[in-house]
Amino acid sequence: MKKLLSLFAVSTLIASSVSTVVSCGGSSDTINILFIPSNNSTEIINTVKPLEQKLATELSSIAQKDGRTLNKKVKISTSTNYEVAGKTLQDGKADLAFLPINTYVKYRGKDNEGKFSSEGVLLSASRSGVTPETKGFEPFQTDGKFDSSKAQNKAIDAQTSMQLAQYYNKTATGIENLQQAKEKLEDSENTASYYRSYIYANNAFLSASGFDITKYGKENLTREESVESSEQYKADLKALILKGATEDKFKFSFGKSKTSSAGVLYPMLWLKNVLGFEDSELQGLWKKASQQESYPQAAENISNAQNDGAANYAVGFSDIRSEQKDDNKVKKAFANSTVIGATDAIPNDLIVYSKKRINDEQYKDDLRTAFINLIAKPENKEIFNIYSHTGYIGPTSKEASESFEVDMDSSITRATVETAKMLELMKNW
């Protein structure tokens, strides 16, 4: 696939492969893998295309070491949205998909004593920490060191959202190109089992609206003064964003897939739980909001936003501004936008398999080993960096596969209680 497939072509590609392989229960000679369009679809395909041959070669090599033969072709496609990827896997029309946890939960099927009928977790991703969280942000430290567990489990309130946004902006000051963005914001020494969504706003819009995040929670405040300041931040920001439910020039923006953790669900929970939006207010904001096609596009939009109907806010995982590949666009985006809030931590994404296509434990073990081997090789860094993955976590052995999957599903279920409620609320919006 040397150019972007049209949406129709992607659907046709998947459908045509199904007619020959679904009935085989995973015995097809082709592994169909879906990537979700959190980034530009052309960019994804161009970046991950080499994985087709690399995965096929790695699987063959793993089998040969055990005296087995495993010759599979690999075909990679991008889905039209997150839900299409989840449903395609559920229906057995693809073998694997890279999914966020909320899409997985929606399509994993019926629960039978902790085991789900349609999909299973092949691997969980790990990623580099985000420097504004891992270096010097006191609420996420224990004994002067970054505490990933504390960062992941701490519920974000108005004060923490405000403080983290301020510290993030301070860390990101002066970024002029992609290399500087990665050097300042990525911490490869501290890996994280989570990520979070940040809320961005256009600087010219904020200035015209009289909102300045630096004026809240200044240093040397008493505890009471700090709480009061964070409550003022909450009230002012809610009032500003709420205008987007009625006035076009104050538009918010979300991702186009409701099951997107960083593009929709966690920002909606931030609006509800941190800023205090009522359900009816959320619905009004959603109906007037713009739709983000991808994180790089959202970063460019927020960089160029004017008070003329364009969205003045954007949301996205890690830093969407450094998802752009052009240094001039990166520089402009950092100069023209500000982080104004941060959501609760989101458990890392998954590689998910279809139980209609893959049901052999040896084959699952081969796939897990292949992905873990491939991501460990420096020459493959760019491929997996498309989703900021730096490693994969799986069972300790083939025999531990079932317990690993049950434990993962249990953990994911607990982590998605609130997002499940939000999806239910948004069902008919």
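The protein has the name Phosphonate ABC transporter substrate-binding protein in an unreviewed UniProt entry, where Spiroplasma floricola 23-6 is given as its organism.

A.B. asks: Any chance you could explain the packing of aromatic side chains here in plain terms?
C.D. replies: What describes a pair of aromatic rings is the distance from one ring centre to the other and the angle between the planes of the rings. The tally for this structure, following the rule as stated, stands at 18 aromatic pairs. Measuring from centroid to centroid gives 5.4 Å for Phe205 and Phe250, while their planes differ by 70°, and the two rings are edge-to-face. In this pair, Phe205 is assigned in helix α10 (residues 203-209) and Phe250 in the loop between α11 (223-242) and β11 (253-255), connecting sequence segments 45 residues apart. Take Phe205 and Phe250: they sit in the same class, and that class is buried. Residues Phe371 and Tyr392 carry aromatic rings whose centres are separated by 6.3 Å and whose planes lie at 75° to one another, so their mutual orientation is edge-to-face. Pair noted here: Phe371 is in helix α16 (residues 361-375) and Tyr392 is in strand β16 (residues 391-393), with a separation of 21 residues, a long-range link. The exposure classification of Phe371 matches that of Tyr392, with both residues buried. In textbook terms, an aromatic cluster arises when at least three aromatic residues are bridged by ring pairs, as seen for Phe35, Phe98, Phe371, Phe384, Tyr387 and Tyr392.

A.B. asks: Could you clarify how one ought to interpret the domain arrangement of the protein in this entry?
C.D. replies: One widely used convention gives an interface's size as the accessible area the parts lose upon coming together. Assigned domains of the protein: these are domain 1 (30-128 + 349-427) and domain 2 (131-347). The gap between the C-alpha centroids of domain 1 and domain 2 is 28 Å. The interface of domain 1 with domain 2 comprises 30 residues on the first partner and 31 residues on the second. Between domain 1 and domain 2, a total of about 2500 Å² is buried, with carbon and sulfur atoms accounting for 58% of that surface.

A.B. asks: Looking at this structure, how should I read the pattern of salt bridges?
C.D. replies: For side chains bearing opposite charge, pairing can occur when the charged atoms are close. Here the structure, examined in full by the defined rule, presents 22 salt bridges. With a shortest N-O distance of 2.6 Å, Glu133 and Arg196 are connected by a salt bridge. Taken as a pair, Glu133 in helix α6 (residues 131-134) and Arg196 in strand β10 (residues 194-202) lie far apart in primary sequence, 63 residues in all. Each member of the pair, Glu133 together with Arg196, is buried. For the salt bridge of Glu186 with Lys182, the shortest nitrogen-to-oxygen distance reads 3.4 Å. Assessed through its relative accessible area of 24%, Lys182 is described here as partly exposed.

A.B. asks: For this particular structure, what's the right way to read unusual backbone geometry?
C.D. replies: Backbone geometry follows two general trends: most residues other than glycine have a negative phi, and most peptide bonds adopt the trans configuration. Residues other than glycine seldom take positive phi values, yet Asp143 does so here, at roughly 55°. On the secondary structure map, Asp143 appears in the loop between β7 (141-142) and β8 (145-146). Even without being glycine, Ser388 reaches a positive phi, approximately 65°. Of note, Ser388 is situated in the loop between α17 (381-384) and β16.

A.B. asks: What exactly am I supposed to notice about the packing of helix α14 (residues 295-304) against helix α15 (residues 327-336) here?
C.D. replies: Remark: α14 packs on α15, axes separated minimally by 8 Å, with the N-to-C direction vectors making an angle of 55°. Compared by their axis directions, α14 and α15 come out oblique. For the pair α14 and α15, the crossing hand works out as left-handed. Between α14 and α15, the residues in contact are Ala299, Glu300, Ile302, Ser303 and Asn304 and Lys329, Lys332, Ala333 and Asn336, respectively. Split by residue class, the contact of α14 with α15 holds three nonpolar, three polar and three charged.

A.B. asks: Got a minute to help me understand the nonpolar core in this structure?
C.D. replies: Buried together is how nonpolar side chains tend to be arranged in soluble globular proteins. Within the largest apolar cluster, 118 residues are counted, with the highest numbers of intra-cluster contacts made by Ile33, Phe35, Ile241, Met268, Leu271 and Phe371. Looking at this core element by element, the count peaks at nine residues for helix α12 (residues 261-274). Other than its neighbours up to four places away in sequence, Leu271 contacts Ile241, Phe254, Gly276, Phe277, Leu282 and Leu285.

A.B. asks: Help me out: how do you make sense of the sheet that holds β10 in this one?
C.D. replies: Strands pair in a sheet through their backbones, by hydrogen bonds, and they do so in one of two ways: parallel or antiparallel. Spatial ordering of the open sheet is given by β13-β10-β14, a layout of three strands whose pairing is antiparallel. Both edges of this open sheet fall to β13 (313-317) and β14 (337-347), since each of them pairs with a single strand only. Taken pair by pair, the neighbouring strands of this sheet meet at an average axis angle of 20°, ignoring direction. Two strands pair when backbone bridges link them, and β10 and β14 are joined in this way by eight bridges, in the antiparallel orientation. The residue bridging Tyr200 from the neighbouring strand is Val339, located in β14.

A.B. asks: What is the right way to look at the environment of Ile412 in this model?
C.D. replies: Residue placement: Ile412 occurs in helix α18 (residues 401-415). Residue Ile412 is classed as buried on the basis of its relative accessible area, which comes to 4%. Those residues in contact with Ile412 that sit more than four places away from it in its chain are Ile101, Tyr104, Val105, Arg108, Val121 and Leu350.

A.B. asks: Please clarify how the environment of Pro347 should be interpreted in this entry.
C.D. replies: Within the element layout of this structure, Pro347 appears in strand β14. Of the residues examined, Pro347 reaches a relative accessible area of 15% and is grouped as buried. The spatial distance from the C-alpha of Pro347 to the C-alpha of Met162 is 22 Å, given a sequence separation of 185 residues.

Here is what the cut-offs are and how they apply
- Residues numbered from 1 in each chain as written.
- Predicted model: local features only at pLDDT ≥ 70, side-chain atom pairs only at ≥ 80, totals over all residues.
- Heavy atoms only, no water.
- Phe/Tyr/Trp six-rings, centres within 6.5 Å; stacked < 30°, edge-to-face > 60°.
- Helix = DSSP H or I, 4+ residues; strand = E, 2+ residues; numbered from the N terminus.
- Buried < 20%, exposed > 50% of the residue type's maximum accessible area, 1.4 Å probe, protein only.
- Domains from an automatic or database assignment.
- Contact = heavy atoms within 4.5 Å.
- Buried area = accessible area lost by both parts, 1.4 Å probe.
- Salt bridge = Lys/Arg side-chain N within 4 Å of Asp/Glu carboxyl O.
- Axes fitted to C-alpha atoms, helices over the stretch in contact; angles between N-to-C directions.
- Parallel < 35°, antiparallel > 145°, perpendicular 65-115°, else oblique.
- Left-handed = near helix turned anticlockwise from the far one by under 90°.
- Nonpolar A, V, L, I, M, F, W, Y, C, P; charged D, E, K, R; others polar.
- Core = buried A, V, L, I, M, F, W, Y, C linked by side-chain atoms within 4.5 Å.
- Pairing = 2+ DSSP bridges.

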